[in-house]
Amino acid sequence: MLNNLEKYDVVLGSNSPRRRELLNDMGVKFRVEDIKGIDESYPASLPVEEIPVFLARVKAQGHPLSANELLITADTVVVLDEAVLGKPLGNEDAHRMLRALSGRAHRVISGVCVTTANRTESFSDTSVVHFAELTDEEIDYYIEHYRPLDKAGAYGIQEWIGNIGISGINGDFYNVMGLPTRKLYQVLKSF
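Presented here is an overview of the structure given in this document. On a predicted model such as this, the values are computed, not experimentally measured, just so you know.

## Some remarks on the pattern of salt bridges
What the rule picks out here adds up to 16 salt bridges. Three or more residues joined by partner-sharing salt bridges are found here, namely Asp9, Arg31, Glu33 and Glu69.

## Here's the deal with helix H2 (residues 51-61)
Burial runs high along H2: eight of the 11 residues are buried. Of all the residues in H2, the buried ones are Ile51, Pro52, Val53, Leu55, Ala56, Val58, Lys59 and Ala60. Its buried side turned inward, H2 meets strand S3 (69-80), strand S4 (83-85), strand S5 (105-116) and strand S6 (119-131).

## A short note on the side chain of Asp93
The residue Asp93 is located in helix H3 (residues 91-101) in this model. A distance of 3.0 Å separates a polar side-chain atom of Asp93 from the backbone nitrogen of Leu89.

## Looking at helix H4 (residues 136-146)
Among all positions of H4, only Ile139, Tyr142 and Ile143 are buried. One side of H4 holds all its buried residues, which, seen down the axis, span an arc of 95°. Structural note: H4 exposes Glu137 and Glu144 on the side pointing more than 90 degrees away from its buried face. Of the surrounding secondary structure, the elements contacted by the buried residues of H4 are H3 and helix H5 (160-165).

Procedures and definitions
Residues numbered from 1 in each chain as written. Predicted model: local features only at pLDDT ≥ 70, side-chain atom pairs only at ≥ 80, totals over all residues. Heavy atoms only, no water. Salt bridge = Lys/Arg side-chain N within 4 Å of Asp/Glu carboxyl O. Buried < 20%, exposed > 50% of the residue type's maximum accessible area, 1.4 Å probe, protein only. Helix = DSSP H or I, 4+ residues; strand = E, 2+ residues; numbered from the N terminus. Contact = heavy atoms within 4.5 Å. Polar contact = N/O pair within 3.5 Å; in protein donor to acceptor, adjacent residues only side chain to side chain. Arc of directions from axis to C-beta.

What follows is the structure, encoded as structure tokens:
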């Protein structure tokens, strides 16, 4: 599938091992290029639903394209009570975030930008994740053993905490991992 991409040098502009795994599982042949030095700030007035697409576009603009490249960039945010939970600053911050998520529902919004020399397509996807009530011991165990400091909202759904702490999901599971694969597949088919 996605034989139409054979004419491109497909580049994943992300250092995320989860995004690499998901894109590989989709059967896409690609190479990884970590786009460094990107200012990931966004206007304070930007609605939370638009932040991930805004950041995915900023990342795409940080990579000069050659004529045959197709670049995929993405960003994911965790939103609780309209507040964006980014990557935790340390273990205490991770504990604070997981304590806030415990026993509640939150939104995970991923934005994706697919860019070639003459076309750009951007989209987002939203999933609602329901956390069961977590004890402090469970939170501390997760932080100590899984080191979630590189993850928005301080958790990876594919890790231990997802196995024991997620009571439900409305939407795309893979979106929560950082790449809405179903929507991305549909967009890639059109290139």
